[in-house]
Amino acid sequence: MFIYKAGVVGAGAMGAGIAQVISFSGLPVVIKDTDDERVKKGIDLVRKVYQGRVDKGKMTASELEQKMSLVSGTTSYDDFKDCDLVIEAVFENMKVKQQVFQDLEKVLPETAIMATNTSALSISQIASAVKRSDKVIGIHFFNPAPVMKLVEVIPGLQTSSETVDDAVAFAESLRKMPVRVKECAGFLVNRLLLPYLNEAAYALQEGAAPMEEMDKALRAFGMPMGPFALLDMLGLDVCADVSMILYDSFGPRMKAAEILGAMHKANRLGTKNGIGFYVYDETKKADLKPILDEIQAKTGVKGTPFSPERLVFQMINEAAFCLEENVASPSDIDLAMLAGTGFPQDKGGPLHLADGIGVDVVLAKLQEFSKTLGPRFWPAPILKRMVAANYLGQKTKKGFFNY
């Protein structure tokens, strides 16, 4: 199916970013929100992205106006009646999203695709609220949408293969890199990223090392920013919510570090309100030590060792679990982490990294961590099978990939 016109529900930073990407590809796009002021802010955000391109000499002022002529705003679902695809980008609440889809279904043509940009909620559950559930799919952009190349395409239980193919083709038409992902909590990137970030939180609350030292070590490993700077950027409230979704699906290995809940409770949410693990607004400066002391007194765990492997091997292990569950192919798992998180290019992604280190070495280290740090490191069963079959990675010419 060819997409001639698209819509976006939600004119916040994410919705506006998606609308900019769509208009940049040459498609007309309608942005909807609940009132004119929010719609205007969304359109202003789109213009701001284009103005940034003009300022850098990447487009002319007249080209900016040509692109902006493709962007319109509305407060009514009626203006979606000639859209071939609409992406919902409202806040993460199941009831709200289901209502949006019910409202969309009333006005959209029968052939139209109804997509959600949710980062963690069930596509199948959203789709259950409408009759044309075969037309519902997850098209998950990463923030900021104009910059990040990766798009996760997630079918629900009811999604037709035609809808999946159309969604992939649409993402490609936007010059994005679509990765098909089997539906699961957190999908692919967040499912791998959260255990990595959660382990950093555990290491901090256990006094393994100062957060500045850990951030520096992971930047030296090749990540674009340290885990605590990233937690602050994502928002501690968002991370706490996603952690709960992952724990609900995958159980004890996804149990959130106590400090994540404590930070949320203390209203240390990150860059969005000026204070998180780091302080961004000096008027809100507050010591982390009392929070850490309270957690250590409660858990009795203090002075565990720190190494970058402690964090990175969590990512590798979860990638192995995803592979075992057919969430995505090995190459798509690595591609998604390279494009979605900035995982270092020279290491090729978590599965290529495991092959380089040696799958047997990774397994042995996970078993050691499991004994010393807890069962959240319990190795994915596929790792033991691979080692038993001599699929050790580069040194035996076969592992997650062939060499």
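Scroll up a little and you will see the structure.
Please read these numbers as outputs of a predicted model, since none were measured by experiment.

Colleague: Break down the pairing of strand E5 (residues 113-116) for me, citing the residues and quoting the values.
Modeller: Of the two faces of E5, the one holding Ile113 and Ala115 and the one holding Met114 and Thr116 are both buried throughout. Note: strand E4 (residues 85-88) against E5, 4 bridges, orientation parallel. Its bridge partner being in E5, Val86 is matched across the sheet by Met114. As a crossover connection, the stretch from E4 through helix H4 (residues 94-107) into E5 is right-handed. Pairing analysis gives 3 bridges linking E5 to strand E6 (residues 136-141), with the strands arranged parallel. Across the sheet, the residue bridging to Met114 is Val136, located in E6.

Colleague: For the packing of helix H14 (residues 330-341) against helix H15 (residues 350-357), give the residues involved together with the corresponding values.
Modeller: In helix packing, the relevant descriptors are the interaxial angle and the interaxial distance, both defined with respect to the helix axes. Running from N to C, H14 and H15 cross one another at 110°; their axes reach a closest spacing of 7 Å. With respect to each other, H14 and H15 are oriented roughly perpendicular. Of the residues in H15, those in contact with Pro330, Ile333, Asp334 and Met337 of H14 are Pro350, Leu351 and His352. A per-class count over the contact of H14 with H15 returns 5 nonpolar, 1 polar and 1 charged.

Colleague: With reference to specific residues and values, describe the packing of aromatic side chains.
Modeller: Scanning the entire structure with this criterion turns up 6 aromatic pairs. Plain terms: the ring middles of Phe221 and Phe343 are 5.9 Å apart, the flat faces sit at 80° to each other, and that makes the pair edge-to-face. Here Phe343 lies in the loop between H14 and H15 and Phe221 lies in helix H8 (residues 211-221), a separation of 122 residues in the sequence. Just as Phe221 is buried, Phe343 falls in that class too. Taking 5.0 Å as the distance between ring centres and 40° as the angle between the ring planes, the aromatic pair formed by Phe369 and Phe377 counts as tilted. Residue Phe369 is classed as buried on the basis of its relative accessible area, which comes to 7%. Above the plane of the ring of Phe321 lies Arg253, whose end atom (NZ or CZ) is 3.8 Å from the centre. A cation over a ring is seen here: Lys347 above Phe221, with NZ or CZ 4.7 Å from the ring centre.

Colleague: An account of the pattern of salt bridges is needed here, citing residue identities and associated values.
Modeller: Tallied over the full model, the rule gives 24 salt bridges. Among the ionic pairs, Glu282 bridges to Lys285, the shortest N-O distance being 3.9 Å. Here Lys289 ties to Asp293 by a salt bridge, and the two come within 2.8 Å at their closest N and O atoms. Taken together, the positions of Lys289 and Asp293, both in helix H12 (residues 289-299) and 4 residues apart, correspond to about one turn of that helix. If you follow the salt bridges from partner to partner, you end up with Arg191, Arg253, Glu318 and Glu325 in one network.

Colleague: Any details on the nonpolar core? Residues and values, ideally.
Modeller: Considering soluble globular proteins, one finds that nonpolar side chains tend to be buried as a cluster. If you look at the biggest cluster of nonpolar residues, it comprises 102 residues, and the most contacted ones within it are Phe80, Leu188, Ile259, Phe277 and Phe400. Per-element tally for this core: the top contributor is helix H7 (residues 189-205), with 11 residues. Among all residues touching Phe400, those that are not within four sequence positions of it are Ala320, Leu323, Pro330, Leu351, Ala354, Asp355, Val359, Leu383 and Met386.

Colleague: Lay out the pairing of E4 in plain terms, naming residues and giving numbers.
Modeller: Each regular strand displays side chains that alternate between the two surfaces of the sheet. Burial of E4 is two-sided: the residues Leu85 and Ile87 facing one way and the residues Val86 and Glu88 facing the other way are all buried. As paired strands, strand E1 (residues 6-9) and E4 are joined by 4 bridges and run parallel to one another. Counterpart to Val8 in the pairing with E4 is Ile87.

Colleague: Hey, could you go over the sheet that holds E4 for me, with residue numbers and the actual values?
Modeller: Strand order in the open sheet made by the 8 strands is E3-E2-E1-E4-E5-E6-E7-E8, with mixed pairing throughout. Strand pairing shows two members of the sheet lacking a second neighbour, strand E3 (71-74) and strand E8 (177-180), which therefore form its edges. With direction set aside, neighbouring strand axes in the sheet form an average angle of 25°. The pairing of strand E2 (residues 29-32) with E3 spans 4 bridges and is classified as parallel. Looking across to E3, one finds that Val29 is bridged to Val71. Seen against the sheet, helix H6 (residues 161-173) touches E4, E5, E6, strand E7 (150-155) and E8 and runs at an angle of roughly 155° to E8.

Colleague: Before we move on, could you go through the environment of Arg180 and cite the residues and values that matter?
Modeller: Take Arg180: it is sitting in strand E8. In this structure Arg180 comes out as partly exposed when scored by relative accessible area, which is 43%. Along the sequence, Arg180 and Val153 sit 27 residues apart, while their C-alpha atoms lie 4.8 Å from each other. Apart from residues no more than four positions distant in its own chain, Arg180 is found in contact with Val153, Val164, Asp165, Val168, Val327, Ala328 and Asp332. Here Asp165 takes part through its side chain, which lies 3.1 Å from a polar atom of the side chain of Arg180.

Colleague: Please set out the side chain of Gln205 residue by residue, giving values where relevant.
Modeller: Relative to the assigned elements, Gln205 resides in helix H7. Taking the relative accessible area as the measure of exposure, Gln205 reaches 2% and is therefore buried. Separated by 2.7 Å, the side chains of Gln205 and Glu258 make a polar contact. When sequence neighbours within four positions are dropped, the list of residues in contact with Gln205 reads Ala257, Glu258, Ile259, Leu292, Ile295, Gln296 and Val301.

Criteria and thresholds
- Residues numbered from 1 in each chain as written.
- Predicted model: local features only at pLDDT ≥ 70, side-chain atom pairs only at ≥ 80, totals over all residues.
- Heavy atoms only, no water.
- Buried < 20%, exposed > 50% of the residue type's maximum accessible area, 1.4 Å probe, protein only.
- Helix = DSSP H or I, 4+ residues; strand = E, 2+ residues; numbered from the N terminus.
- Pairing = 2+ DSSP bridges.
- Right-handed = clockwise from strand over helix to strand, strands pointing away.
- Axes fitted to C-alpha atoms, helices over the stretch in contact; angles between N-to-C directions.
- Parallel < 35°, antiparallel > 145°, perpendicular 65-115°, else oblique.
- Contact = heavy atoms within 4.5 Å.
- Nonpolar A, V, L, I, M, F, W, Y, C, P; charged D, E, K, R; others polar.
- Phe/Tyr/Trp six-rings, centres within 6.5 Å; stacked < 30°, edge-to-face > 60°.
- Lys NZ or Arg CZ within 6 Å of the ring centre and 35° of its normal.
- Salt bridge = Lys/Arg side-chain N within 4 Å of Asp/Glu carboxyl O.
- Core = buried A, V, L, I, M, F, W, Y, C linked by side-chain atoms within 4.5 Å.
- Polar contact = N/O pair within 3.5 Å; in protein donor to acceptor, adjacent residues only side chain to side chain.

These values are about where atoms sit, not about what they do.
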